[in-house]
Amino acid sequence: MNTVDYLRISLIDRCNFRCQYCMPEGVEIDYIFKQDLLTDNELLSLLKDVFIPVGFTRFRLTGGEPLLRPDVIDLVEAIASFPETKDLSMTTNGFLLSKMAKDLYQAGLRRINISLDTLDSDTFNLIIGNKGRSRWQLVWNGIQAAYEVGFDPLKINVVVIPGVNDHEVLDLAALTIGRNWHIRFIEFMPIGNDKLFDNRGWISSEELRQRIREKWGLTESFVRGNGPADIFQIPGAKGTLGFISQMSECFCDRCNRMRLSADGWLRPCLLNEMGQIDLKSSLRNGVSVGELRQQVEYLLGLKPEINFKQRESGTTGIYSRTMSQIGG
Ligand code: SAM
Ligand code: SF4
């Protein structure tokens, strides 16, 4: 079993996109009230006094859209400056990145994942639920800005949906040939939009690899990530291809993470609501940091059992929250 030292922190549950697979238009979302969000001080104190002392050293900022959090640059700076922080990264939709990439880098962020499911601006509009002028170019500009500022590795996340963007898999994979980018194909999960999942289904990582293999060949890469992606490379390419196969494979035994929601719930497993604890309420009710540490340590001990229990009971149709709420 892996050491659990990686915390994914949702800074906000809101988003400026309504991706079909995450928080589709027309679906009511119970947004967190402002007063229920962890404040900057609460979040930093939980990191410094609870998570770091129990062994967490790697942090990813996510959401919702983390760049919508008004004080995100200050938070990045504060978390990057903890001496124990070994790794600080962010997952973003990239919409605000062309304006913010430089400040984020200067504040100490070094790794960034940007979601981009398509190279076609109409398909992009369709996926993100945008009816106005396409935002694809802005996101693309954000990716370029991040690259130029020096983010390395620069990772692009692609959720593959049959009949929506799967015909672009080769074009997206081809981006890695001349650039040191990492394209990560994520299997579509029935979380956020069960209807789309039931209508479209999902494509396995192995099927995508087969398509890529037929075109260029594919070698398993010696570059290993620290997450659940299996890494491959088109022979001679500068970048790599990652495959995140949470539908077709069980990687619970490799899981090294927990998730903290924007309202302070600590969740041991993406696929499971068992065992979660409400750190914010405890903190506001005066529970001591020592006691909070004990609660987190207890949950760390339960985590393997929680992961495996969930896998055994199946993964479909069990989710009551979207990725944007959990902190994907
Ligand atoms: N807003 C940011 C973004 O889109 O990158 C960060 C939050 S988003 C919830 C984090 C990741 O979850 C994104 O890469 C997104 O594509 C992925 N995601 C959301 N819903 C998903 C689903 N149903 N299946 C697979 N991945 C999903
Ligand atoms: Fe927003 Fe990210 Fe969810 Fe898309 S995937 S709706 S960008 S939180």
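A few points on the structure. Keep in mind that what you see is a predicted model, and the values were worked out from it rather than measured.

### Details of the overall build of the protein
For step 1, the next point in the chain: Each helix and strand counted, the protein has 11 helices and 12 strands in total.
For step 2, the next point in the chain: Relative to the compact-globule value of 20 Å for 328 residues, the protein shows a C-alpha radius of gyration of 19 Å, a close match.
For step 3, the next point in the chain: About 14,000 Å² of surface is accessible on the protein, with carbon and sulfur atoms providing 49% of the total.
For step 4, the next point in the chain: Taken as two groups, the 38 positive and 41 negative side-chain charges of the protein have centres that lie 3 Å from each other.

### Topic: helix 6 (residues 169-178)
For step 1, the next point in the chain: Within the span of helix 6, buried status applies to Val 169, Leu 172, Ala 173, Leu 175 and Thr 176. Angular distribution of buried residues about the axis of helix 6 spans 130°; they occupy a single face of the element.

### As for the site of ligand 2
For step 1, the next point in the chain: Every residue close to ligand 2 is listed here: Cys 15, Phe 17, Cys 19, Tyr 21, Cys 22, Met 23, Gly 64, Asn 93 and Ser 324.
For step 2, the next point in the chain: Residues that form the shell around ligand 2 fall into these classes: six nonpolar, three polar and no charged.

### Thoughts on the site of ligand 1
For step 1, the next point in the chain: Residues in contact with ligand 1 amount to 20 residues; listed here are only the nearest, Tyr 21, Gly 64, Ser 115, Met 189 and Ile 191.
For step 2, the next point in the chain: Thr 92 is positioned with one of its backbone polar atoms (N or O) 3.2 Å from an oxygen atom of ligand 1.
For step 3, the next point in the chain: Protein chains shield 95% of the accessible area of ligand 1, which is 550 Å² for the free molecule.
For step 4, the next point in the chain: Considering only residue class, the shell around ligand 1 consists of eight nonpolar, 10 polar and two charged.

### Focus on the pattern of salt bridges
For step 1, the next point in the chain: Summed over all chains, the structure comprises 12 salt bridges.
For step 2, the next point in the chain: A salt bridge links Asp 166 to Arg 211, with the shortest nitrogen-to-oxygen separation between them at 3.2 Å. Here the residue Asp 166 occupies a position in the loop between strand 5 (154-160) and helix 6, and Arg 211 occupies one in helix 8 (residues 205-216), the gap between them amounting to 45 residues.
For step 3, the next point in the chain: Residue Asp 166 is classed as buried on the basis of its relative accessible area, which comes to 15%.
For step 4, the next point in the chain: Arg 211 gets classed as partly exposed once you look at its relative accessible area, which sits at 26%.
For step 5, the next point in the chain: Put simply, Arg 211 and Glu 207 hold a salt bridge, and the shortest N to O gap is 3.3 Å. Remark: Glu 207 and Arg 211 occur in helix 8; sequence separation between them is four residues, near one turn of the helix.

The rules behind the values
Residues numbered from 1 in each chain as written. Chains lettered and ligands numbered in written order. Predicted model: local features only at pLDDT ≥ 70, side-chain atom pairs only at ≥ 80, totals over all residues. Heavy atoms only, no water. Helix = DSSP H or I, 4+ residues; strand = E, 2+ residues; numbered from the N terminus. Rg over C-alpha atoms; globule rule 2.2 N^0.38 Å. Areas by Shrake-Rupley, 256 points an atom, 1.4 Å probe, with all protein chains shown as cover. Lys, Arg positive; Asp, Glu negative; His and termini not counted. Charge placed at Lys NZ, Arg CZ, Asp CG, Glu CD. Buried < 20%, exposed > 50% of the residue type's maximum accessible area, 1.4 Å probe, protein only. Arc of directions from axis to C-beta. Near = heavy atom within 4 Å. Nonpolar A, V, L, I, M, F, W, Y, C, P; charged D, E, K, R; others polar. Polar contact = N/O pair within 3.5 Å; in protein donor to acceptor, adjacent residues only side chain to side chain. Salt bridge = Lys/Arg side-chain N within 4 Å of Asp/Glu carboxyl O.

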